[in-house]
Amino acid sequence: MAERLDKMIADAENCTRSKARSTIRCGAVEVDGETVRDIAYRADPARERITVSGRPIAAGRSYIMMNKPAGVVSATRAQGERTVLDLLPPGLRRRGLFPAGRLDKDTTGFLLITDDGPFAHEILSPRRHVEKEYEALLECPAAPEDIQAFAQGLRLRDGTLCAPAVLELDAARTTARIVIREGKYHQVRRMFEAVGNYVVSLRRLRIGGLYLDAALAPGAARLMTPEEVRKVRGSCGE
Ligand code: URA
């Protein structure tokens, strides 16, 4: 969809509208290889190549994969604390980004950050049953019966009933893989609490059909490819 160039540049570059206008007026912006100095020019980022100082802008919606480190809050703002948005490199920052689903401060792994509200709703809605896979390091070896308890739907200590979940254990039964299809507050930690265990560390490995990119260091983030977005989205059941 065609949009005013000054608004598009401000959104894509995460700068003010007046900064975007001066960038355009000074001749740094090209549309399909032609310099455009008219701030009200309308361009369509889906059809035209728009660049600032030769660099293509990230127009349209952003879908970012982050390998969240421990000690950072999954929120857009947190008083006196670092948020996941603070970790984004300048090239990925733009207005309207938020984490699509939270991880606890000490949970690490795959966090999806976007500015696409309907997409976030789609993957977070409990009715959509998007799978999330975690790896947990446990304080005590899990009991083999826990597998069945998770599969039946656990009742948490406060009485909340969880939907059936998959639990797999390693030989020592202290490293667990858990697949859940909902996102209750501290859910995985509370599930293990309900069976008398304790989660020492927790990492999210997968959302829907997409695994965390093993090449992303803790704290690093990158744009997801359209194929990766489809893998998350395509796994949304009705
Ligand atoms: N379950 C938890 O307990 N914590 C998370 O961060 C995610 C799932």
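Refer to the structure printed above.
A short note on the site of the ligand
The environment of the ligand is made up of Leu-103, Asp-104, Thr-107, Tyr-134, His-186, Gln-187, Val-188, Arg-189 and Leu-202. Interatomic distance of 2.9 Å between a side-chain N/O atom of Thr-107 and an oxygen atom of the ligand. Here His-186 contributes a backbone N or O atom positioned 3.2 Å from an oxygen atom of the ligand. Burial of the ligand by the protein amounts to 95% of the accessible area it has alone, namely 240 Å².

Examining the packing of helix H3 (residues 117-124) against helix H6 (residues 226-234)
Axis angle and axis distance: for two packed helices, these are the angle between their axes and the distance between the axes, and together they describe the pair. Running from N to C, H3 and H6 point in directions that differ by 45°, and their axes come no closer than 9 Å. Looking at the two axes, H3 sits oblique to H6. For the pair H3 and H6, the contacting residues are Phe-119, Glu-122 and Ile-123 in the first and Val-229, Val-232 and Arg-233 in the second. When grouped by side-chain class, the residues that make up the contact of H3 with H6 number four nonpolar, no polar and two charged.

Notes on the environment of Val-229
The topology assignment puts Val-229 in helix H6. The spatial distance from the C-alpha of Val-229 to the C-alpha of Ala-40 is 32 Å, given a sequence separation of 189 residues. If near-sequence neighbours (up to four positions away) are discounted, Val-229 is found in contact with Tyr-63, Phe-119 and Met-224.

About the thresholds
- Residues numbered from 1 in each chain as written.
- Predicted model: local features only at pLDDT ≥ 70, side-chain atom pairs only at ≥ 80, totals over all residues.
- Heavy atoms only, no water.
- Near = heavy atom within 4 Å.
- Polar contact = N/O pair within 3.5 Å; in protein donor to acceptor, adjacent residues only side chain to side chain.
- Areas by Shrake-Rupley, 256 points an atom, 1.4 Å probe, with all protein chains shown as cover.
- Axes fitted to C-alpha atoms, helices over the stretch in contact; angles between N-to-C directions.
- Helix = DSSP H or I, 4+ residues; strand = E, 2+ residues; numbered from the N terminus.
- Parallel < 35°, antiparallel > 145°, perpendicular 65-115°, else oblique.
- Contact = heavy atoms within 4.5 Å.
- Nonpolar A, V, L, I, M, F, W, Y, C, P; charged D, E, K, R; others polar.

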